[in-house]
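One letter stands for each residue in the lines below.
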Amino acid sequence: MRSQGQVRFLRVSPRSQMIAAGAVLGLAVASLASAAVSQYSSRSALADLNQREAQVARAEGEVQRYRKDIRTLTSDLAHRQQFIEQMIDAHVAEIPEGQPDTQVTPKTRAMVNRVSTAFPDASALAHIEAEQLALVERLTEHADARSQAAIASIRKLGLNPRRSWLPVARPARAAKVVRW
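In this text, all values refer to a predicted model and were calculated from it rather than measured experimentally.

1. What about the overall build of the protein?
Phase 1 of the analysis: Looking only at helices and strands, one finds four helices and two strands in the protein.
Phase 2 of the analysis: The helix and strand sequence of the protein, counted from the amino end, reads β-β-α-α-α-α.
Phase 3 of the analysis: The long-range fraction of contacts in the protein, counting pairs at least 24 apart against all pairs at least 6 apart in sequence, stands at 67%.
Phase 4 of the analysis: Roughly 15,800 Å² of accessible area belongs to the protein as shown, and the carbon and sulfur atoms make up 58% of that amount.

Pasting the structure below:
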């Protein structure tokens, strides 16, 4: 070192040199270890991310399959509902449309709205269910009306509709087994 024209020497002992070299080496090893841990951590995070992406892709595939199944089921149920209504029209006397409250009840309408909001893909299923409930209600009203008419006719004949006046079927006798 030079100071005011004079040269001065700084002397570092071998022990101090070893300590300084050890510190530099320790810092280098710590830096490499930190880089290795960081790289391992990022690889692990990347592997987790890839695994989650694969799970999401599988879940999306399942959701698409469920949506397709719901559409297929909805179509099948709609066709069945039409068939049932055609059979009723063909084999049962004219069914009254019923009062507005027997078509779709407010409770059923609320259920349809909740399902439609929560699961838009299942909305059509909820509507079909509401139609079926309304049809069952109309059929029940029709059956009750026909039953009341039958009871009134039986009473006009002077019979008690509560008594069992229909002949009771007797069990057939078992055939005798002939042994030779």
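There is more to say, and it comes next.
2. Concerning helix 1 (residues 14–91)
Phase 1 of the analysis: Spanning 78 residues, helix 1 covers 113 Å between terminal C-alpha atoms, matching the ideal 116 Å at 1.5 Å per step.
Phase 2 of the analysis: Listed in full, the buried residues belonging to helix 1 are T74, Q81 and I88.
Phase 3 of the analysis: If you follow the buried residues of helix 1, they end up packed against helix 4 (123–156).

3. Let's talk about the confidence of the model for the protein
Phase 1 of the analysis: Overall, the prediction assigns the protein a mean pLDDT of 80, with 83% of residues at 70 or greater.
Phase 2 of the analysis: The weakest mean pLDDT in the protein belongs to helix 2 (residues 100–103) at 50; the strongest belongs to helix 1 at 89.

4. Notes on helix 4
Phase 1 of the analysis: An ideal rise of 1.5 Å per residue puts 50 Å on 34 residues; helix 4 measures up with 50 Å between its terminal C-alpha atoms.
Phase 2 of the analysis: Taken together, the buried positions of helix 4 are occupied by S123, A126, I128, A130, A134, L135, R138, H142 and I154.
Phase 3 of the analysis: G158, located one to two residues past helix 4, shows a positive phi value of around 85°.

5. Observations regarding the packing of helix 3 (residues 106–118) against helix 4
Phase 1 of the analysis: Two numbers describe how helix 3 lies on helix 4: the axes approach to 8 Å, and their chain directions differ by 170°. It follows that helix 3 is roughly antiparallel to helix 4 by the angle criterion. Along the contact surface, helix 3 presents T108, M111, V112, V115 and S116, while helix 4 presents S123, A126, H127, E129, A130 and L133.
Phase 2 of the analysis: Its residues assigned to classes, the contact of helix 3 with helix 4 shows six nonpolar, four polar and one charged.

6. Here's the deal with the packing of helix 1 against helix 4
Phase 1 of the analysis: Contact geometry of helix 1 with helix 4 gives a least axis separation of 10 Å together with a crossing angle of 20°. In terms of axis orientation, helix 1 runs roughly parallel to helix 4. Crossing of helix 1 against helix 4: the hand is left-handed. Touching I70, L73, T74, L77, A78, Q81, I84, E85 and I88 of helix 1 are A124, L125, I128, E131, Q132, L135 and L139, all from helix 4.

7. Notes on the side chain of Q81
Phase 1 of the analysis: Here Q81 lies in helix 1.
Phase 2 of the analysis: Overall, the relative accessible area of 3% leaves Q81 in the buried class.
Phase 3 of the analysis: With near-sequence residues (within four places) excluded, Q81 lies in contact with E131, Q132 and L135.

Basis of the calculations
- All chains use their own residue numbering, which begins from 1 and follows the written sequence.
- Restriction of local features to residues with pLDDT of at least 70 applies here, the model being predicted, together with a cutoff of 80 or more for giving and counting side-chain atom pairs; totals for whole chains, interfaces and linings are based on all residues.
- Calculation of side-chain values draws on the structure's entire complement of heavy atoms; hydrogens and water are dropped beforehand.
- The helix and strand labels rest on DSSP assignments: H or I over at least four residues marks a helix, E over at least two residues marks a strand, and numbering proceeds from the N terminus.
- Contacts are assigned to residue pairs that have any heavy atoms within 4.5 Å of one another.
- For accessible areas, the Shrake-Rupley method is used with a probe of radius 1.4 Å. Any residue's cover is judged against the shown protein chains and nothing else.
- Expected span, for any helix, means 1.5 Å times one less than how many residues it has.
- Any residue under 20% of the maximum accessible area for its type is buried, any over 50% is exposed, and the rest in between are partly exposed; the area is computed with a 1.4 Å probe on protein chains only.
- Per-residue confidence from the prediction method is given by pLDDT, with values spanning 0 to 100.
- Geometry is summarised by axes, namely lines fitted to C-alpha atoms with helices restricted to the contacting stretch, and by angles between N-to-C directions that run from 0 to 180 degrees.
- Angles are sorted into four bins: roughly parallel if under 35 degrees, roughly antiparallel if over 145, roughly perpendicular if 65 to 115, and oblique for all others.
- In this count, Pro and Cys sit with the nonpolar residues alongside Ala, Val, Leu, Ile, Met, Phe, Trp and Tyr, while Asp, Glu, Lys and Arg are called charged and the others, Gly among them, polar.
- Helix crossings fall into two classes, left-handed where the near helix is turned counterclockwise from the far one by less than a right angle and right-handed where it is turned clockwise.

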